[in-house]
Amino acid sequence: MSAAPARSRRVRRAAAALTAATLSATLLAACGSGDDDGPAAGAGKPVDITFWGWAKGTKQVVDAFNSSHKDVHVSYEEIPSGSAGGYAKLSNAVKAGNAPDVFNVEYPQLPDFVSQGAVQDISEYVDAGLKGKYLPQAVQLTTLGGATYALPLDAAPQVFYYRKDLFAKAGIKPPATWDEFRTAAEKLKQAEPDSRIATFFPDDPTTFEAMAWQAGAPWFGTSGDSWQVSVDGPGTQKVAAYWQKMIGDDLVRVEPSFSQQWTASLQKGQTAGYLGASWGGGVLKGTLPKDQSGKWAVAPLPSWNGTPASGMLGGSTFAVSKDSKKAKAAVEFATWATTTAQGIQARISSGDSSAYPADPELVPVAAKAFATDFYGGQDIYALYKSGAQSIGRKWTWGPAMGVTNNSLKDSFGKLSSRSGTIAQALATAQKDTLSEMKNRGLKVATR
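This section reports on the structure supplied with the text. Small disclaimer: the values here were computed from a predicted structure and weren't measured.

### As for the overall build of the chain
Assigned secondary structure in the chain consists of 19 helices and 17 strands. Among the 447 residues that make up the chain, the fraction classed as buried is 55%. Within the chain, contacts between residues at least 6 apart in sequence are counted, and of these 78% link residues at least 24 apart. For the chain, the accessible area works out to roughly 17,400 Å², and carbon and sulfur atoms hold 51% of it.

### Details of empty space enclosed by the protein
Enumeration according to the criterion identifies four cavities of 30 Å³ or more in this entry. Looking at the largest cavity, its volume works out to about 90 Å³. Lining the largest cavity are T199, F200, F201, D204, T207, F208, M211, W243, L275 and F412. For the lining of the largest cavity, the elements supplying multiple residues, two or more each, are β9 (199–200) and α10 (205–214). With three residues, α10 is the largest single contributor of residues to the lining of the largest cavity. Partitioning the lining of the largest cavity into residue classes produces seven nonpolar, two polar and one charged.

### Digging into the environment of K56
Looking at where K56 falls in the secondary structure, it is placed in the loop between β1 (47–53) and α3 (58–68). Considering only alpha carbons, one finds K56 and A355, 299 residues apart in sequence, at a separation of 8.8 Å.

### Brief notes about the sheet that holds strand β6 (residues 151–152)
Here we have five strands laid out as an open sheet, ordered β2-β1-β3-β15-β6, and mixed in their pairing. One side of each edge strand has no neighbouring strand; the edge strands of this open sheet are β2 (72–78) and β6. For β1 and strand β3 (residues 102–106), the ladder comprises two bridges, and the chain directions are parallel. Counted as the bridge partner of W52 is F103 from β3. Seen against the sheet, helix α14 (residues 327–339) touches β1, β2, β3, β6 and β15 (316–320) and runs at an angle of roughly 165 degrees to β15.

### Things to note about the environment of A371
Locating A371 in the fold gives a position in the loop between α16 (363–369) and α17 (380–389). Looking at A371, the relative accessible area reads 40%, which means it is partly exposed. For the pair A371 and S354, spaced 17 residues apart in sequence, the C-alpha separation works out to 9.3 Å.

### Side note on the nonpolar core
If you look at the biggest cluster of nonpolar residues, it comprises 116 residues, and the most contacted ones within it are F181, I197, W243, L284, F333 and I422. For this core, the element with the most residues is α14, which contributes eight residues. Every residue in contact with F181, bar those within four places of it in the chain, is listed here: F160, P175, I197, A198, Y242, W243, M246, L275 and P302. Listed in part, the 19 residues of the second largest apolar core include L144, Y149, A150 and A319.

### Considerations on the packing of α14 against helix α15 (residues 341–348)
Two elements in contact, α14 and α15, have axes whose closest approach is 5 Å; the angle formed by their N-to-C orientations is 70 degrees. Our classification of the angle between α14 and α15 gives roughly perpendicular. Seen from α14, the contacting residues are W336, A337 and T339; seen from α15, they are A341, Q342, G343 and I344. Looking at the contact of α14 with α15, its residues break down into four nonpolar, three polar and no charged.

### A closer look at the pattern of salt bridges
Tallying each qualifying case throughout the model produces 12 salt bridges. For D112, the salt bridge is made with R440, and the minimal N-O distance between the two is 3.0 Å. Of this pair, D112 sits in helix α5 (residues 110–115) while R440 sits in the loop between α19 (422–439) and β17 (444–446), and the two are 328 residues apart along the sequence. Residues D112 and R440 agree in their burial class; the two are buried. Where D249 meets K245, a salt bridge forms, and the shortest distance between an N and an O atom there is 3.2 Å. On the accessibility criterion, K245 (47% relative accessible area) is partly exposed.

### Some details on the pairing of β2
Here β1 runs beside β2; their pairing, made up of seven bridges, is parallel. Note on β2: the bridge partner recorded for W52 is E77.

### Notes on the packing of aromatic side chains
Counting across every chain of the model gives 42 aromatic pairs. Ring centres of Y161 and Y375 lie 6.0 Å apart, and the angle between their planes is 45 degrees; on these two criteria the pair is classed as tilted. On the criterion of sequence distance, the pair formed by Y161 in strand β8 (residues 158–163) and Y375 in the loop between α16 and α17 is long-range, its members being 214 residues apart. Feature note: the residues F160, Y162, F167, W178, F181, F200, F208, Y242, W243, W304 and F412 constitute an aromatic cluster, connected by ring pairs. Above the plane of the ring of W52 lies K89, whose end atom (NZ or CZ) is 5.1 Å from the centre.

Conventions and cut-offs
- Residues numbered from 1 in each chain as written.
- Predicted model: local features only at pLDDT ≥ 70, side-chain atom pairs only at ≥ 80, totals over all residues.
- Heavy atoms only, no water.
- Helix = DSSP H or I, 4+ residues; strand = E, 2+ residues; numbered from the N terminus.
- Buried < 20%, exposed > 50% of the residue type's maximum accessible area, 1.4 Å probe, protein only.
- Contact = heavy atoms within 4.5 Å.
- Areas by Shrake-Rupley, 256 points an atom, 1.4 Å probe, with all protein chains shown as cover.
- 1 Å grid on protein atoms, 1.4 Å probe; cavity = no way out; pocket = protein on both sides within 12 Å on 5 of 7 lines; lining within 4 Å.
- Points joined across faces, edges and corners; volume = space filled by probe spheres on them.
- Nonpolar A, V, L, I, M, F, W, Y, C, P; charged D, E, K, R; others polar.
- Pairing = 2+ DSSP bridges.
- Axes fitted to C-alpha atoms, helices over the stretch in contact; angles between N-to-C directions.
- Core = buried A, V, L, I, M, F, W, Y, C linked by side-chain atoms within 4.5 Å.
- Parallel < 35°, antiparallel > 145°, perpendicular 65-115°, else oblique.
- Salt bridge = Lys/Arg side-chain N within 4 Å of Asp/Glu carboxyl O.
- Phe/Tyr/Trp six-rings, centres within 6.5 Å; stacked < 30°, edge-to-face > 60°.
- Lys NZ or Arg CZ within 6 Å of the ring centre and 35° of its normal.

Pasting the structure below:
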């Protein structure tokens with residue numbers, strides 16, 4: 001058909017940037033499989049698509065879509081979040097040939113799914129007008145090798161959540177720079193010996209990665225058909241040295257993210273701040289008891305020189321699985337969920353989601369739908385908006401982030417016992433990442 005040559009060119013570009021030659025054929029076969037929307041199309045019945053996801057408010061989004069659409073019906077299955085086993089379930093389903101038509105995947109993992117031929121190139125369903133609706137940084141992360149492999153759901157700028165009362169008691173204000181953050185941490189510890197300003201999460205490398213992003217220290221890039229890898233580059237080493245000293249001087253806690261011990265430390269006032277993403281506002285609100293309502297506030301993330309800057313901590317997309325024959329319907333659903341007021345309203349009105357829409361025009365809808373009583377009525381979406389605008393544009397996720405993150409997680413786990421350092425973890429992750437990429441047949445080079 002007429003679209004085939006153009007589609008093939010897109011696939012070759014993606015293969016050059018993301019995959020080994022041995023995977024090119026896999027991607028070619030995967031793309032274009034969405035031309036047939038199934039036997040139900042045009043037969044007076046809606047096209048039924050299957051969807052797997054885990055983001056808060058997703059069921060409400062699916063219900064709202066199904067109640068307002070007659071041509072497409074979404075059958076939804078909630079799965080664990082990606083880091084909690086969702087990605088393993090998806091990968092196994094792809095290998096077994098029974099993957100859902102569409103599923104959520106976070107930005108860092110999208111290149112991995114693409115490089116393994118698990119998702120389709122949906123460029124033919126995504127025109128310039130649709131791309132233009134999304135934040136440029138989100139479009140950049142879903143466009144690989146010149147082809148579109150997913151639609152962005154949310155951006156995830158970093159911000160700083162903090163206890164107003166504990167800060168006031170210690171005589172400190174939200175810091176504007178990382179130097180001021182350290183000074184504030186020292187004053188807080190002096191005023192409240194059992195309290196710490198924040199937590200370093202050994203089980204969640206994405207938080208540290210976002211810090212490297214903010215510092216303008218990209219880990220991956222491409223040159224021609226080769227990958228460039230710099231997990232332990234000079235810029236990242238600067239971030240590592242800062243946090244290593246914070247840990248060594250006992251100015252931050254080292255506890256697993258969203259663990260019982262972390263939650264308990266927040267409840268008891270032993271942790272006075274949380275370096276999180278926009279989606280963290282809903283998580284924090286849903287995690288802490290009601291007696292802390294009104295005690296929390298949100299501030300911009302400290303930066304190295306005081307100029308607003310942010311990385312992206314997580315953030316999700318909608319991708320279409322390689323074997324789906326219903327790509328057009330899947331993209332119709334994903335488009336509705338990410339670019340309509342009804343879709344965002346349904347998600348945020350669930351009460352637990354504070355997602356920042358990847359479509360900036362829908363930010364007022366989200367802001368109106370999210371109750372901010374927990375934050376004393378503060379306009380937290382204004383902070384999210386500022387953070388989103390300051391997200392650096394020189395960041396690319398690598399094609400084997402599962403290996404990169406598992407390596408970091410294993411090494412970071414030694415930090416609490418002081419038997420390892422962040423610098424050592426980065427060096428190991430660099431080595432493990434390069435080894436995995438070479439095993440996949442990718443051309444790689446350090447920089």
